[in-house]
Amino acid sequence: MKEQDKTKSLSVAALIFVAIIVVGLLTTGKPDIAYKITPQQSIEALGKPGNEISPLEVAKTVKANDNKFIIIDLRSPYEFVKGNIPGSINIPANRILEKESLDFFEKNATSNSTLVLYDATQSLATGPWLVLKQLGYDNIKMMQGGWKIYSGIDSQDPSQNPAWLVEIPKYDFAALSASKETNANKGNQAGQKEIIVPQRKVKAKKVEGGC
Amino acid sequence: MNKTYIILASVLVMLGVGLVFLEANPNIKEVSPEKLLSELNENTRYTSTDELAKRIIEGDPSVQLIDVRHKAEAEKFMLQGAINIPLADLLKEESLAIFDQDGKDFIFYSNNDILANQAWTVTRRLGLMHLHVLKGGLNCWAETILLPKIPAPTESQDAFDLYQARLGASQFFTGASLEVKSSQPLEKVNLTRKAKTKKVEGGC
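Note that this is a predicted model, so its numbers are computed, not measured.

Colleague: Describe the overall build of chain B, with residues and values.
Modeller: Secondary structure assignment for chain B yields eight helices and five strands. For chain B, the N- to C-terminal ordering of α and β elements is α-α-β-α-β-α-β-α-β-α-β-α-α. For chain B, buried positions account for 33% of its 204 residues. In chain B, of all internal contacts separated by at least 6 residues, the share reaching a separation of at least 24 is 69%.

Colleague: Pulling in residues and values, what's your account of the environment of L117 of chain A?
Modeller: Residue and element names in this part refer to chain A. As for its position among the elements, L117 is in strand β4 (residues 114-118). Take L117: there are 25 C-beta atoms within 10 Å of it, and that puts it in the buried class. Sequence spacing of L117 and S88 is 29 residues, and the spatial spacing of their C-alpha atoms is 9.4 Å. The contacts of L117, once residues within four sequence positions are left out, are I72, L74, A125, P128, W129, I140, M142 and M143.

Colleague: Please set out helix α8 (residues 157-174) of chain B residue by residue, giving values where relevant.
Modeller: Over its 18 residues, α8 of chain B runs 25 Å from end to end, which matches the ideal 26 Å to within 8%, given 1.5 Å per residue. Buried residues along α8 of chain B sit in contact with α8 (173-176) of chain A together with α3 (49-57) and α7 (137-146) of chain B. Immediately beyond the C-terminal end of α8 of chain B, within one or two residues, lies G175 of chain B, with a positive phi of roughly 70°.

Colleague: Describe the pairing of strand β5 (residues 140-143) of chain A, naming the residues involved and giving the relevant values.
Modeller: Residue and element names in this part refer to chain A. Along β5, one buried face is formed by I140 and M142 and the opposite face, lined by K141 and M143, is buried too. Where strand β1 (residues 52-53) and β5 come together, two bridges link them in parallel fashion. What sits directly across from E52, in β5, is M142. Note: β4 against β5, three bridges, orientation parallel.

Colleague: How would you sum up the environment of Q134 of chain A? Please name residues and give values.
Modeller: By secondary structure assignment, the location of Q134 of chain A is in helix α6 (residues 122-134). Excluding residues within four positions of it along the chain, Q134 of chain A makes contact with Y35, I37 and S42 of chain A.

Colleague: So what about unusual backbone geometry? Which residues, and what values?
Modeller: Glycine aside, residues mostly have negative phi, and peptide bonds are mostly found in the trans state. A positive phi angle, near 55°, is found at N65 of chain A, a position not held by glycine. Mapped onto the secondary structure, N65 of chain A falls in the loop between α3 (55-63) and β2 (69-73). Despite not being glycine, H130 of chain B has its phi angle at roughly 60°, a positive value. Within the secondary structure, H130 of chain B sits in the loop between α6 (114-125) and β5 (131-134).

So, how was this worked out
- Residues numbered from 1 in each chain as written.
- Chains lettered and ligands numbered in written order.
- Predicted model: local features only at pLDDT ≥ 70, side-chain atom pairs only at ≥ 80, totals over all residues.
- Helix = DSSP H or I, 4+ residues; strand = E, 2+ residues; numbered from the N terminus.
- Buried ≥ 20, exposed ≤ 12 C-beta atoms within 10 Å, placed from the backbone.
- Contact = placed C-beta atoms within 7 Å.
- Expected span 1.5 Å × (residues − 1).
- Pairing = 2+ DSSP bridges.

Right, dumping it as structure tokens:
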């Protein structure tokens, strides 16, 4: 009799154990949102042309009523309402990974359409744009200049360097920083010091305190 | 009863074997897209040119500047103490070794902050910490530190204090001597205004 009872309780315990494991396996699925390209692939994508689009080109297609682009405004709804690119859709930057937004990107992921993302400035748009790019959406561009430039696009002087090409050095930094007297900047200019990569011993196991 | 034992035992063994073959997450440190986006939107990664100037002048040893522009641009000029790692080379082994240093703040910069932000995003995804971006980049550095603008007479006291600080920094970084035109002293009009509660943020 004792033998049978022991077996019964063991069986029950084991079954519960199995059930817990199965439930655990079923509920920890793969995360919903996953990167589709590796960091190295992201770097390579960043080096390719076509990631950005000028506000001038966007303005042209808007004026011509050409629906070439699906324009997405990443700003808050409050700012969107105050003024936005005609025909643009408002998806605030902090909501681009919500299910609704992802469904939208998924739906428009065909290679025919091009999504243009913009924010108040290109700085603000570049992060969300790169996150989406790493999720595998490669038909997206970010607009240079942002709303700040677009809103005044008609008054842009074409003879000057476009105000939206911001990653161009606007000054001769070396000349401005040229050491004239004693307490000047003795920093790196031409003639690099060799980069000393600190070689560190690989830290072994962290020392646990105690006896 | 033996049969039950055997069945149970084999089920458990099979489960155990199954667990072994479950894909282990290869990159436990990797930051999820949601977390990355949330950090991007918080904008906590930014350092202003004024803050950076102060730290360089004070000789803060924890600053590690990383210039992510092309080699040709970096050869023309780099900020004091900066290392050039072009964005394209950012994930090479020798580049990533830079981040092994303890107690450092890694501040990416470029001509503006678009490139620096991209560098930040890619390295942050790997789970690296203490990563920052110089807001406005070198163009902003030139406009605030190298060539500070005199505030209009109607601006607040804070603006003047900031200008004084920038003048000092400008001297440090250019070695220019301060020309005081005695005929035109800085006129500060004392207006009675409500004191500004927010500290003036340096920036472009």
